[in-house]
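Spelled out, the chains give:
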Amino acid sequence: MKKIIVANWKMNPKSSKDALALFEVVKKSVKGIKEIEVVICAPFAWLAKLSPGNLIRLGAQNCHWELQGAYTGEVAAPMLSDLGVEYVMLGHSERRKYMGETNEIINLKVKAALKSKLKPILCVGEREGEEMSVVIEEQLTQCLVGLSIRQIKDVVVVYEPVWAISTEGGRVCEPDNALSAALFIRKTLTKLYSRFVAEQILILYGGSVDNTNVACFISQARMNGALVGAASLDGEVFSKLIKNIPVA
Ligand code: PGA
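Treat the numbers as computed from the prediction; the structure is a model and nothing was measured.

Reading the values: rules and limits
- Residues numbered from 1 in each chain as written.
- Predicted model: local features only at pLDDT ≥ 70, side-chain atom pairs only at ≥ 80, totals over all residues.
- Heavy atoms only, no water.
- Buried < 20%, exposed > 50% of the residue type's maximum accessible area, 1.4 Å probe, protein only.
- Helix = DSSP H or I, 4+ residues; strand = E, 2+ residues; numbered from the N terminus.
- Pairing = 2+ DSSP bridges.
- Polar contact = N/O pair within 3.5 Å; in protein donor to acceptor, adjacent residues only side chain to side chain.
- Contact = heavy atoms within 4.5 Å.
- Expected span 1.5 Å × (residues − 1).
- Arc of directions from axis to C-beta.

S.K.: Even after reading the chapter, I still don't get the pairing of strand 4 (residues 87–90), so can you show me in this structure?
M.R.: Note on strand geometry: in a regular strand, side chains alternate between the two faces of the sheet. By the alternation rule, side chains of strand 4 split into Tyr87 and Met89 and Val88 and Leu90, which are all buried. Direction of pairing for strand 4 relative to strand 5 (residues 119–124): parallel, over a ladder of four bridges. Paired with Met89 across the two strands is Ile121, which belongs to strand 5.

S.K.: What is the right way to look at the side chain of Asn107 in this model?
M.R.: Within the secondary structure, Asn107 is located in helix 5 (residues 103–115). Classification of Asn107 as buried rests on a relative accessible area of 7%. Among the polar contacts made by the side chain of Asn107, one reaches the main-chain carbonyl oxygen of Val145 at a distance of 2.9 Å. When residues no more than four places from it in sequence are discounted, the contact partners of Asn107 are Gln142, Cys143, Leu144, Val145 and Leu147.

S.K.: Before we go on, may I ask you to explain helix 1 (residues 16–29) in this structure?
M.R.: Each full turn of the α-helix corresponds to 3.6 residues, which orients residues three or four apart in the same direction. Here helix 1 spans 20 Å end to end across 14 residues, near enough to the 20 Å set by a 1.5 Å rise per residue. Among all positions of helix 1, only Ala19, Leu22, Phe23, Val26 and Ser29 are buried. Seen end-on, helix 1 carries its buried residues on one side only, within an arc spanning 120°. Exposed residues pointing more than 90 degrees away from the buried face of helix 1 are listed as Lys17 and Lys28. Looking at the buried positions of helix 1, the neighbouring elements they touch are strand 2 (36–41), helix 2 (44–47), strand 3 (56–60) and helix 11 (235–243).

S.K.: Where do I start with the environment of Trp65 in this structure?
M.R.: Note on placement: Trp65 falls in the loop between strand 3 and helix 3 (77–82). It is 32 Å that separates the C-alpha atoms of Trp65 and Ser180, two residues lying 115 residues apart in sequence. In this view, Trp65 contacts Ile105, Leu108, Lys109 and Ala112; residues no more than four positions away in its chain are not counted.

Following this line, the structure appears as structure tokens:
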């Protein structure tokens, strides 16, 4: 299975000049690496300025659930496709926390994304003190309601325990924990679809991933890649991270 590394730039960098410079560093670091797909999820304001290539794809960090209309300040999924964007992150814990996004809203957004030929990167994961399996089962079941087998194959699932995100305390998620979550996600997807379908879905890990731990999450936790926040904003660290990914 291919490996995907998703860079979540969040609301960074501050200027288009810095965004372009960071993008150029990433572009250089993926040269010659065919086994890994690198997706840069940049703020809307920078997306139009970045040009994707064969080895580097663009992703948005959100989209609206309607395809167009009177929704002041929002961005619709077809507008993103039109820009050459291929992926959209949905259900990130910061959007759940600060924007009040529920599983029902995320489900509508997943459907809008798929209708617009965008691949949803669906984030799931428990907060401190919550039970991983209970939260993941509920989030996956509700966020994926009504998706066909053909559609689910385009969804990438990210296990991101909220307590492991660098800005939320960044507690270490042991590869064993991440492996249990990956197995549980596949089990839930098997229940919702079938084992055959579940095995084709890419599952990534997110939460304080950097150049020193990325290999563990991929080899020990059997993840198909990673979602990287803070470490994706430092061109040198992110380039090292890409080089440290086991591709065999
Ligand atoms: P982090 O962020 O890598 O800085 O922990 C991950 C995320 O929130 O997507």
